[in-house]
Structures are given as C-alpha cells and as structure tokens.
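# Inside the fold
Spelled out from the first residue to the last, the chains are:
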Amino acid sequence: ASALAGPPRLAYAAGGRTIASAGFFDDIFTSVKSSIAEVTKEVSVQHVLVPNRLMALKLQQQLRDVGVTPETVGSCAQQFSTCGSAKKTPDARMPQLRGRPGELVFKRGEMAKEFERAAFEGAIGSLQLVETQYGVHPILINARTGEDAPPAPAAASSAPAASSSEKTPAAR
C-alpha cells in the first residue's frame, strides 16, 4: 500500500513550525520560472515615428485602406518615419534595430513606457497608435516570445480584419 502513496514529502522546521518543503519549493520554483520568462520575453514591432498625432492618424488610415501588413508598415516607415529603424541604421544607443524597415525587437525596460505597454499588452497583429516623448507611433505588433500569432486572414478580408482588431490607447 505504501508504494501507491507516492514519493515521500520532505519537511523541515522553520520558526517553530513544520513546512512541507516539496510544495513550498515548488511554489518558489514556479514563481521564479515565471518571473524569468516575463523578464526575458521579447516583442517584435514595426513602427512609424512621426512628429504629431494628425500625421499619425492619417498614416493609420492609409494603412487600414491598403491593408495592415509588415510590408505596408515597412513601406510607410521608409517614407515617413524619423526613427533610424526605418532606414536600418543601427547605432550604439539602439541595439534593438534589426530586421524589416521600422522593426524593433526588445525586452521590457528598453523602450519608452507607453510604447512598451502597447507592444507587450496589445494583440499580436494589431495596429495601435502610441504617443511618447519622441512623437507619435503607429505600431504593428508582429510577435512576442512564447505566444502564437493569430491565424492570417484571407487576402480579401485583410483590411477589415486589421481594423476590427485595432485599439487606440488614450494618449498619456
């Protein structure tokens, strides 16, 4: 009968009470593991940095009209963005620059708080408008570590699908 009872649970005394160590340490391990996963999570976005909200709203509408894709956002970034990510000119201050035009890949704590919040909390595949101290950014959230991208919409419905999933956070 003891073979069916499972592995023995270890216990130790702490402050005059007995703590079941297996459960205690499992909880700590799970907490640390989830914290490490969150800190090391990366997000990939493409953005167009423009100086004012009016221009950003016009670009957002233009992207909706042609269909929000990494290619269309990259094209807008090359044409209109004031950020080095649009031209892929990495510098020592922006190690996040890589990939497609306007693309940034980063972890928490590396970008402006408003930009970071939208990138980590917005739906993958959504186009969002974010205001920061640097200007206004229409951003497309491409991917996040450990998360699956939503299924790609059919070509005929790509523009409506993108606009229905968009969110425009309030300016901060």
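A few points on the structure.

About the cut-offs
- Residues numbered from 1 in each chain as written.
- Predicted model: local features only at pLDDT ≥ 70, side-chain atom pairs only at ≥ 80, totals over all residues.
- Heavy atoms only, no water.
- Buried < 20%, exposed > 50% of the residue type's maximum accessible area, 1.4 Å probe, protein only.
- Helix = DSSP H or I, 4+ residues; strand = E, 2+ residues; numbered from the N terminus.
- Pairing = 2+ DSSP bridges.
- Expected span 1.5 Å × (residues − 1).
- Arc of directions from axis to C-beta.
- Contact = heavy atoms within 4.5 Å.
- Polar contact = N/O pair within 3.5 Å; in protein donor to acceptor, adjacent residues only side chain to side chain.
- Axes fitted to C-alpha atoms, helices over the stretch in contact; angles between N-to-C directions.
- Left-handed = near helix turned anticlockwise from the far one by under 90°.
- Nonpolar A, V, L, I, M, F, W, Y, C, P; charged D, E, K, R; others polar.

## So, the pairing of strand 6 (residues 135–144)
Within strand 6, 9 of the 10 residues are buried, leaving the element largely enclosed by the surrounding structure. Pairing between strand 3 (residues 42–47) and strand 6: 5 bridges, direction antiparallel. Looking at the pairing, His-47 lines up with Ile-139 of strand 6. Looking at chain direction, strand 5 (residues 127–132) and strand 6 are connected through 6 bridges and run antiparallel. Its bridge partner lying in strand 6, Leu-127 is registered against Leu-140. Here strand 5 hands over to strand 6 after 2 residues, the two strands then running antiparallel side by side.

## As for helix 2 (residues 53–66)
For an α-helix the count is 3.6 residues per turn, leaving residues at separations of three or four pointing the same way. Between its first and last C-alpha, helix 2 extends 20 Å over 14 residues, near the 20 Å set by a 1.5 Å rise per residue. If you check which residues of helix 2 are buried, you get Ala-56, Leu-59, Gln-60 and Leu-63. Viewed end-on, helix 2 has its buried residues packed into an arc of 105°, placing them on one side of the element. Counted as exposed and oriented over 90 degrees from the buried face of helix 2: Leu-54, Lys-58 and Asp-65. Elements that come into contact with the buried residues of helix 2 comprise helix 3 (70–80), strand 5 and strand 6. Of the residues flanking the start of helix 2, the one acting as N-cap is Asn-52, its side-chain oxygen 3.3 Å from the backbone nitrogen of Leu-54. Just downstream of helix 2 lies Gly-67, where phi reads positive at about 105°.

## Quick notes on the sheet that holds strand 6
Pairing between the strands of a sheet comes from backbone hydrogen bonds, and it takes one of two forms, parallel or antiparallel. Read across the open sheet, the 4 strands follow the order 4-3-6-5; overall the sheet is antiparallel. Two strands bound the open sheet, and with one partner strand each, they are strand 4 (103–107) and strand 5. When the angles between neighbouring strand axes are averaged without regard to direction, this sheet yields 40°. Packed on one face of the sheet, helix 2 meets strand 5 and strand 6 and runs near 170° to strand 5. Contacts from helix 3 reach strand 3 and strand 6 within the one sheet, and its direction differs from that of strand 3 by about 60°.

## Some points on the packing of helix 2 against helix 3
To describe two helices that pack against each other, one gives the angle between their axes and the distance between the axes. Following both chains from N to C, one finds helix 2 and helix 3 inclined at 145°, their axes separated by 10 Å at the closest point. Once helix 2 is placed against helix 3, the crossing between them reads as right-handed. Contacts from Met-55, Leu-59, Gln-62, Leu-63 and Val-66 of helix 2 reach helix 3 at Thr-72, Val-73, Cys-76 and Phe-80. Looking at side-chain class alone, the contact of helix 2 with helix 3 contains 7 nonpolar, 2 polar and no charged residues.

## Topic: the pairing of strand 3
Counted residue by residue, strand 3 has 5 buried out of 6 residues, so it is predominantly covered. Summarising the sheet, strand 3 and strand 4 pair through 5 bridges and their orientation is antiparallel. Bridging from a neighbouring strand, Val-45 pairs with Leu-104 of strand 4.

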